[in-house]
Amino acid sequence: MSTDGAVERREEPPHPTPPRNGNGNGVAAPAAAARPMYGDRRLRLNPNKEHKPERYDDLQSEFDPVIFSSLERHLPPSMLEVPREAKAQFMKEILARYLPEGERTRVQRHKEYRQKILSTYQPLHKELYNIHPSSFFIPSFINAISNNTVESFRNIMSEPSPGVYTFAMLQPRFCEMLLDEVENFEKWVNAVKFKIMRPNTMNKYGAVLDDFGLEAMLNKLMEEFICPISKVFFSEVGGSTLDSHHGFVVEYGKDKDVELGFHVDDSEVTLNVCLGKQFSGGELYFRGVRCDKHVNSETQPEEILEYSHVPGQAVLHRGRHRHGARATTSGHRINLLLWCRSSVFREMKKYQKDFSTWCGECQREKKERQRQSVTATKLVFMQKTIYTEIPYQEHAEMSRLFGGTRH
Ligand SMILES: [Zn+2]
C-alpha cells in the first residue's frame, strides 16, 4: 500500500490538489485505489447554461446553498446526472480546499450567532421580509426591470462618471419601514445585551440585515432586480453570475461614524441606497476602478466624481470602484448597502493576473505600451527610409500603418 501511495503522489497533477483524505468512504474500489477519487474530474471553465441545477437549500454546509446551484453548471458532463448527494459531496470537497480551518470555524460561529438572533428577535414589520415590488420600489424602476432592455435601464439612469449609475429606486414608505426595523433590532440588541457584529471592518455603526432575517428578501432583490442591470453594465466583473451577497445598513452622524475613508468594497457590484433621514454633508466621492495591483495608483482627472446622496436614490457601481464618504456634518444619514458577489468571477480572477479590462490603470498602461511600440516602429521605419531602399509595396504598407506620407 505504501508503494501505491508513493505512485499516487507522483502521478498526481500539481493542480488542483485533490483532498488527501475525507472522501469518507473508507473502502476504495480497486480501480480507484491508484488515484484520488475525483482526481480526473474537474470543474469546467464555461458553465453549461442549458443545465438546470438542483436546489441545495436543505444542505447542511457552511456554504450558502446558492453557491452549490451555481457551481453545478460547472460540473464535468459525466457528473451532471448523478444523484444530488454525489454532486453535493463533490462540490463540498472542492469548496473545502479553498476554506482553511480557521475560516471554517468562523463561518460556523457566525451561523450559530445568526441562529440565536432568529430564534428570539421579533420583527416589527413582517412585510419587509418578503419582496413586494409595488410597495418596495417606485413604478419607473419596476417598469425598467420588467422591460429588461438596455434602453429601459438607460431611461431611468444617470451615469455621472463612467461606471457609476444612479437612479430612483425605493418608495419613501419602504425606507421608513426599514429604518424602523433597524432601530427596533438595535433596541432589542441593547435590551438583551446581545453582542452585535458590525457590517465590516470600517463601519462601527450599522447592522447586518442578513443576520436578522432579511437574507432571503435581499437575495431575491439581488437576483430579480439587480442582476438584470449588472448583466448589462458589469458583465466583465461577474455582473451576470452574481450568486451571493452581504446586505447591511450603515449609519453616519455626530454620535455615529462621521465619515468613511477611501476604499474598495469586497464585492463585484455594490448597490448603495440612501434611506434617509435628514442630513447635510456626507457626499460620496469616486476615483476610478482599480485591480488589486493598481489599487493605490493615481487618479486621472476624468475619474473624479463627487456625488450627493438623496433618500430613495440608488448608486450602483463596481466593488473595485474606489470611493469614500465625506463627513456628515449634521443629522443622520443611513444607507442600505448590498455587496453582490460572484463566486465564478472570483475563481476565474485567480488565473488572469496580467491585465484587467475593467481596471482604469491597466487600460492606461496598455494604451501607453501600444503608443510606445508604435513610436518605436515608426522610428525604425524612418531609419529604414533614410539608410536603405525599401521595396515600394512594403513602403506603402508601412506608410498606411504608421501614418507616414504616401509615395
Ligand atoms: Zn490594473
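Remember, it's a predicted structure, so these values are computed and weren't measured experimentally.

Participant: How should I be thinking about the overall build of the chain in this particular structure?
Facilitator: What the chain contains, in helices and strands, is 13 helices and 13 strands. For the chain, with 407 residues in total, the buried portion stands at 28%. If you take every contact in the chain between residues at least 6 apart in sequence, the share linking residues at least 24 apart comes to 79%.

Participant: Sorry if this is basic, but what is going on with the pairing of strand 8 (residues 284–289) here?
Facilitator: It is a general feature of regular strands that their side chains alternate between the two faces of the sheet. Both strand 8 and strand 9 (residues 304–307) contribute to a ladder of four bridges, which runs antiparallel. Its bridge partner lying in strand 9, tyrosine 285 is registered against glutamate 306. Bridge count between strand 8 and strand 11 (residues 321–325): four bridges; the pairing is antiparallel. Note on strand 11: the bridge partner recorded for tyrosine 285 is glycine 324.

Participant: What should I look at first to understand the sheet that holds strand 9 in this one?
Facilitator: Think of a sheet as strands paired side by side through backbone hydrogen bonds, with each pair either parallel or antiparallel. Taken in spatial order, the four strands make up an open sheet running 5-11-8-9, and their pairing is antiparallel. Every interior strand has two partners, whereas the edge strands, strand 5 (260–263) and strand 9, have only one. Sheet twist, expressed as the mean angle between neighbouring strand axes with direction ignored, is 15 degrees.

Participant: Please explain helix 4 (residues 84–97) as it appears in this structure.
Facilitator: Residues separated by three or four positions in an α-helix point in the same direction, a consequence of the helix having 3.6 residues per turn. End to end, helix 4 covers 20 Å across 14 residues, agreeing with the expected 20 Å (1.5 Å per residue, within 8%). Buried-residue contacts for helix 4 involve helix 3 (65–72).

About the cut-offs
Residues numbered from 1 in each chain as written. Predicted model: local features only at pLDDT ≥ 70, side-chain atom pairs only at ≥ 80, totals over all residues. Helix = DSSP H or I, 4+ residues; strand = E, 2+ residues; numbered from the N terminus. Buried ≥ 20, exposed ≤ 12 C-beta atoms within 10 Å, placed from the backbone. Contact = placed C-beta atoms within 7 Å. Pairing = 2+ DSSP bridges. Axes fitted to C-alpha atoms, helices over the stretch in contact; angles between N-to-C directions. Expected span 1.5 Å × (residues − 1).

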